[in-house]
Structures are given as C-alpha cells and as structure tokens.
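Here's the letter readout for the chains.
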Amino acid sequence: MKCRTGLVVALLLSGSLLSAAEPLISIGPDIPVFLSAAATARYDDNIFLESQRKTSDTIFILMPGVDLHTTGGTSQAGVNLSEQFVRYASHSELNSNLPSLAGNFAYDSGPSKLSLAASYQEMDQSNLASRSINQTVSHNLTDASANSSIGLTAKTSLGLGASFERTTYPQVGLAYVDSDVWSLPVDLYYAVTPKVDLSLGYNFRDTSSANSVYSSKDSFYNVGARGSFTPKLSGQIRVGLAERRLNGGGSESLLGLGTTLNYLLTPKTSF
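Rules used throughout
- Residues numbered from 1 in each chain as written.
- Predicted model: local features only at pLDDT ≥ 70, side-chain atom pairs only at ≥ 80, totals over all residues.
- Heavy atoms only, no water.
- pLDDT = per-residue confidence, 0-100.
- Contact = heavy atoms within 4.5 Å.
- Patch = residues over 30% accessible without salt bridge, like charges linked within 9 Å, V, L, I, M, F, W, Y side chains within 5 Å.
- Areas by Shrake-Rupley, 256 points an atom, 1.4 Å probe, with all protein chains shown as cover.
- Salt bridge = Lys/Arg side-chain N within 4 Å of Asp/Glu carboxyl O.
- Helix = DSSP H or I, 4+ residues; strand = E, 2+ residues; numbered from the N terminus.
- Buried < 20%, exposed > 50% of the residue type's maximum accessible area, 1.4 Å probe, protein only.
- Phe/Tyr/Trp six-rings, centres within 6.5 Å; stacked < 30°, edge-to-face > 60°.
- Polar contact = N/O pair within 3.5 Å; in protein donor to acceptor, adjacent residues only side chain to side chain.
- Pairing = 2+ DSSP bridges.

**Points about the confidence of the model for the protein**
Residues at a pLDDT of 70 or more form 83% of the protein, whose mean pLDDT is 85. Here residues 1-17 is modelled with pLDDT under 50, and outside its nearest four sequence neighbours on either side it reaches 43 contacts, counting other chains as well. Note that residues 130-136 has pLDDT below 50 and, in this model, 14 contacts with residues that lie over four places away or in other chains.

Put into structure tokens, the structure is as follows:
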C-alpha cells in the first residue's frame, strides 16, 4: 500500500464544528432536530500518492449535517446524517460527495444497560474522519455494534458485546482488499469500591479478507479495571495476552493493552 509521503496542512476556516444552540425544529415534544457544519481548506503536496513527480493541490471540504435525538426516562436514541462536499482547486476530476449515516440507541435501568449503534461512511484521502494516514484511497465503512451489561449480584456484573465492521474498496486493486471483522467481547466485573470495578475478560475477533491473505482469528485474554480512579482520572484499562492465528498457517503471541482514559485538566478542559 502506498503511504502519503508529502506534507498535509489543514486550516479550519470556521471552526472544527458549528452547531445550532437551539434545535431547528422539533418532531413532537421530545425529538429536537439540530443542524451542524464543518469547513476545511487543506493544502496537499502529493494528491496522487506518488513517490516521484508529486502533484499538489488545495482541497476545500464542506460538511453540513442534520442530527435528531430523543431522551426519555431510561432510554435515548439519535440519528445523524451528513455529507462531505470535496472540491479540488486544480483537479476537478477528483471532486466527490461523501455521505455518512449513523444511529444509536441506549437503555439504562441501573443494574442493566444496553447500547446499539450502526453507521455507514464513504471515505477517501480527503475525508475529515480518516482513521490513519495509510487510509488514503476511496473506501466504504459499515459498522454495527451491540453492548450490554447485566447486574448479577450487588458487586458483580457481566458485560457482553458484539461488533461487525465491513471495509470495501470501490476501486479494486492488489493493495486494497475488502474485509469483514467480527468481534465478541465478554467481561466479568467486580466492584472493589463504589467507583472502581476490576475486570476479567476475553475478546474473540475474526478477520476475513477477500483473498484470505490477511484472514486471521485473534484471542485477547485480559484483566483490568474501570471507573473513576481519582477525582480527575476515569476510564478503563485492559492488559493481557493477545494471540493471533493466521488462516493460511502460523501464529503469534504478544502483550495486549487497551485503554480509554479521561483526565480533567480544568472544569472546562479534559484530556
């Protein structure tokens, strides 16, 4: 896969995100509708990702969106629809429109919790939401996930989840392969304090690719903790053994680490 070798500079023209403080309209008493928008101008010195004879251009991106959500009692739900209008100053043949649709649902009754989410995104090298610098070609992402937490006793709970991610490349090539990824995590939590739980977990992941070269089955055996560790530090930490078995033969093991942490720097700033 070719990697970007040039310099990319982004300048936010009107802020990273503009959204209305009040809803545009309301569908009934509990479903407000909001508008959002993001605008970016970016200079890219290697738009065709070539190691030699690089071509530069300035790229303008406008991303309007509509968001509606509802909250009531023990549940909440939301839907977001947006589209990126990508325009090149000198190479109009690369212009594109990239839609995105996402939805979520959450239920929380105290001892038991359930969350559902699904999304579809069309992405390319000019996308504002590219996950890494290596994802620089047109591709479509479809995601779906379900996570639940079931209270077993006053101090123990069971976490169950499932997720699916499909990546497809409209322009098929040897370097870019369609893939499906399934993940099934299971966690047992034990409350050691009112704010901190210890965890014992296992996560199985199956990756299948169109040509089977990158297909594998992964297992992650882990222990960890979640909650508010200090008045300013909260989140979840997992550490353990990760094992990968390639469908074509061979395996490897390594130390696995997963963290999601939030540190409150000031009453208005977090890291």
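**What to know about a nonpolar patch on the surface**
Where nonpolar side chains cluster on the molecular surface, the patch consists of I150, L152, L160, V186, L188, L200, V223, I237, V239, L255, L257 and L261 and spans about 1,000 Å² of accessible area. Listing elements by their share of the nonpolar patch, those giving two or more residues are β11 (179-193), β14 (233-246) and β15 (251-266). It is β15 that provides the largest number of residues to the nonpolar patch, a total of three residues. With respect to the secondary-structure elements, V239 resides in strand β14. In this structure V239 comes out as partly exposed when scored by relative accessible area, which is 33%.

**Overview of unusual backbone geometry**
Non-glycine residue R53 carries a positive phi angle of around 50°. Along the polypeptide, R53 turns up in the loop between β4 (32-44) and β5 (57-72).

**Looking at the packing of aromatic side chains**
In this structure the tally under the stated criterion is two aromatic pairs. Between F164 and W182, the aromatic rings sit 4.7 Å apart at their centres with planes inclined by 45°, giving tilted as the arrangement. Taken as a pair, F164 in strand β10 (residues 156-168) and W182 in strand β11 lie far apart in primary sequence, 18 residues in all. You can call W182 partly exposed: its relative accessible area is 46%. Residues Y202 and Y221 carry aromatic rings whose centres are separated by 5.1 Å and whose planes lie at 45° to one another, so their mutual orientation is tilted. Of this pair, Y202 sits in strand β12 (residues 196-209) while Y221 sits in strand β13 (residues 216-228), placing them 19 residues apart in sequence.

**Notes on the environment of L255**
Mapped onto the elements, L255 comes out in strand β15. When the C-alpha positions of L255 and G240 are compared, they lie 6.0 Å apart, and in sequence the two are 15 residues distant. In this structure, L255 is in contact with V239 and G240, ignoring residues within four places of it in sequence.

**A word on the side chain of S215**
Structurally, S215 can be placed in the loop between β12 and β13. Given the relative accessible area of 3%, S215 is considered buried. Polar side-chain contacts of S215 include one of 3.0 Å to the backbone nitrogen of S209. With residues up to four places along the chain from it excluded, the contact list for S215 reads T207, S208, S209, L246 and N247.

**Here we look at the pairing of β5**
In this structure, β4 lies alongside β5, joined through 12 bridges in antiparallel fashion. Counted as the bridge partner of L35 is V66 from β5. Where β5 folds back onto strand β6 (residues 75-88) in an antiparallel hairpin, the turn is made up of two residues, including G73, whose phi is positive at roughly 65°.

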